[in-house]
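For reference, the chains in residue letters:
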Amino acid sequence: MNVNLVLLPGDGIGPEIVKVTAELLTLVAQKFGHEFKMESCHFGGIAIDVTGSPLPEETLKACLAADAVLLGAVGGPKWDQGGPRPEAGLLGLRKQMQLFANLRPILPNPELVSASPLRPERLVGVDFLVVRELTGGIYFGEPKERRQVNGLETAVDTMVYNTAEVERVSRYAFELARTRRKKLTSVDKANVLETSRLWRETVKRVAVDYPDVTLEHLLVDAAAMHLITRPASFDVIVTSNMFGDILTDEASVITGSIGNLPSASIGADKNRFGFPRGLYEPIHGSAPDIAGKGIANPVGTLLSAASLLRFSLGLEEEAVLIEKAVDETLKAGYRTADTAASGQASLNTQQFKAKIEEQIERIMAKTK
Ligand code: NAD
């Protein structure tokens, strides 16, 4: 397969983890006889420094033409002083690539259970996927402004959803539930919000096409509690943009390590291979406190690359190879500083990458 990928290394540790991931992707491509062409583009804070915009025209063009996009992270204190914000580039890219669904798998690694704030018995059987609507809702609704009302400075955000937006993301979530344990939890605030009542009605209507999937509805406040008290009861969760933003961060901490978690944002357009174009990125930020030290954990980015292979290229075997290599590396006891237990030795990014390379070679040699 000849594939065109765009890399957006971004800021802070972004370039460090994207470089390592690109090298490992090249190794996987070699093993399976693919050619992955990778073009790096400016995005985020670095793009503001170079061009004045967090999403330069050239970067946008490249992303829209690529088969899939891999992002490191954007932002940092340097761009917090006013002026254009790196995060604006991310919102713009989501809108332009029509990335309507963000997927965040929550599957605690057995090797890292001790890093979770939950008791180990609560983590038994936890394996769920949050599908967050990404291009609508209160983050994009208009008006979004400051105004004077009765002499008071007042701010307004607007939450808007239409049936087409809810149907698209819920249908995708039902399809994913079909490939898993066939349970879908739709999260809303239908006791208070009109958008949530439309959300719930629409999800119920879509459910008619999926009689094999069990559907439950939860209010977002209850969902926040159940994620902690009964996380193993979830299979697929579908929810709106803001609720998803908050719940996915809550869900991610129960796995114990922010550095290990991937995410995938699925686009409405198809690429040359008939798969959805997507943007793949770890869930963590640019970690300015450790940037440049060479100690960042590349696992979140690497697992995001595995999702890229699976969802945007249909390369399941290659995706599983990466996931297995990560698992085996952790099983063998190797850790980066963020996941090492106190007193446990840790590897830097390059050393950790070398261990994953060894596992890829070992797994490939075994399957021959
Ligand atoms: P962060 O995720 O960057 O860092 C939180 C903590 O986790 C830090 O101590 C950091 O060192 C550690 N950490 C995160 N990723 C790690 C990794 N791969 N390996 C080892 N340790 C890791 O969150 P923050 O400090 O709140 O944000 C820093 C910057 O990142 C901000 O400018 C924020 O706006 C931005 N941000 C960007 C994204 C994105 O690009 N999608 C997401 C979240 C935050």
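Residues numbered from 1 in each chain as written. Predicted model: local features only at pLDDT ≥ 70, side-chain atom pairs only at ≥ 80, totals over all residues. Heavy atoms only, no water.

Below, the discussion takes up the packing of helix α11 (residues 316-331) against helix α12 (residues 349-367). The interhelical angle for the contact between α11 and α12, taken along N-to-C directions, is 120°, at an axis separation of 8 Å. As the angle between them shows, α11 and α12 are arranged oblique. Crossing angle aside, the handedness with which α11 passes α12 is right-handed. Of the residues in α12, those touching α11 at Leu321, Lys324, Ala325, Val326, Glu328, Thr329 and Leu330 are Phe352, Lys355, Ile356, Gln359, Ile360, Arg362, Ile363 and Met364. Here the contact of α11 with α12 is composed, by residue class, of nine nonpolar, two polar and four charged. (Axes fitted to C-alpha atoms, helices over the stretch in contact; angles between N-to-C directions. Helix = DSSP H or I, 4+ residues; strand = E, 2+ residues; numbered from the N terminus. Parallel < 35°, antiparallel > 145°, perpendicular 65-115°, else oblique. Left-handed = near helix turned anticlockwise from the far one by under 90°. Contact = heavy atoms within 4.5 Å. Nonpolar A, V, L, I, M, F, W, Y, C, P; charged D, E, K, R; others polar.)

Around the ligand, the surrounding shell holds 20 residues, and the nearest of these are Val74, Glu87, Gly285, Ala287 and Asp289. A distance of 2.9 Å separates a nitrogen atom of the ligand from a polar atom in the backbone of Asn297. Isolated, the ligand exposes 810 Å² of accessible area, and the fraction of that covered by the protein chains is 68%. Among the residues making up the shell around the ligand, the classes are represented as nine nonpolar, seven polar and four charged. (Near = heavy atom within 4 Å. Polar contact = N/O pair within 3.5 Å; in protein donor to acceptor, adjacent residues only side chain to side chain. Areas by Shrake-Rupley, 256 points an atom, 1.4 Å probe, with all protein chains shown as cover.)

Time to look at the packing of aromatic side chains. This structure, assessed with the given rule, holds four aromatic pairs. Between the aromatic rings of Phe174 and Tyr210, the centroid separation amounts to 4.8 Å while the plane-to-plane angle is 5°, which identifies the pairing as stacked. Taken together, the residues Phe174 in helix α6 (residues 163-178) and Tyr210 in the loop between α7 (194-207) and β9 (214-219) connect sequence positions 36 residues apart. The ring of Phe140 carries the charged tip of Lys95 above its face, separated from the ring centre by 4.6 Å. (Phe/Tyr/Trp six-rings, centres within 6.5 Å; stacked < 30°, edge-to-face > 60°. Lys NZ or Arg CZ within 6 Å of the ring centre and 35° of its normal.)

Here the domain parsing of the protein chain yields domain 1 (1-105 + 260-368) and domain 2 (117-255). A C-alpha centroid distance of 25 Å is found between domain 1 and domain 2. Residue-level contacts link 17 residues of domain 1 with 17 residues of domain 2. Roughly 1600 Å² of surface becomes buried between domain 1 and domain 2 when both sides are summed, with 64% attributable to carbon and sulfur atoms. If you look at where domain 1 meets domain 2, you find one salt bridge. For Asp249, the salt bridge goes to Arg104, with nearest N and O atoms at 3.2 Å. Applying the counting criterion to the domain 1 and domain 2 interface returns six residue pairs in polar contact (both at pLDDT 80 or more). Secondary-structure elements contributing two or more residues to the side of domain 1 that touches domain 2 are α4 (86-96), β4 (99-106) and β11 (262-270). Per-element tally for the side of domain 1 that touches domain 2: the top contributor is β4, with seven residues. (Domains from an automatic or database assignment. Buried area = accessible area lost by both parts, 1.4 Å probe. Salt bridge = Lys/Arg side-chain N within 4 Å of Asp/Glu carboxyl O.)

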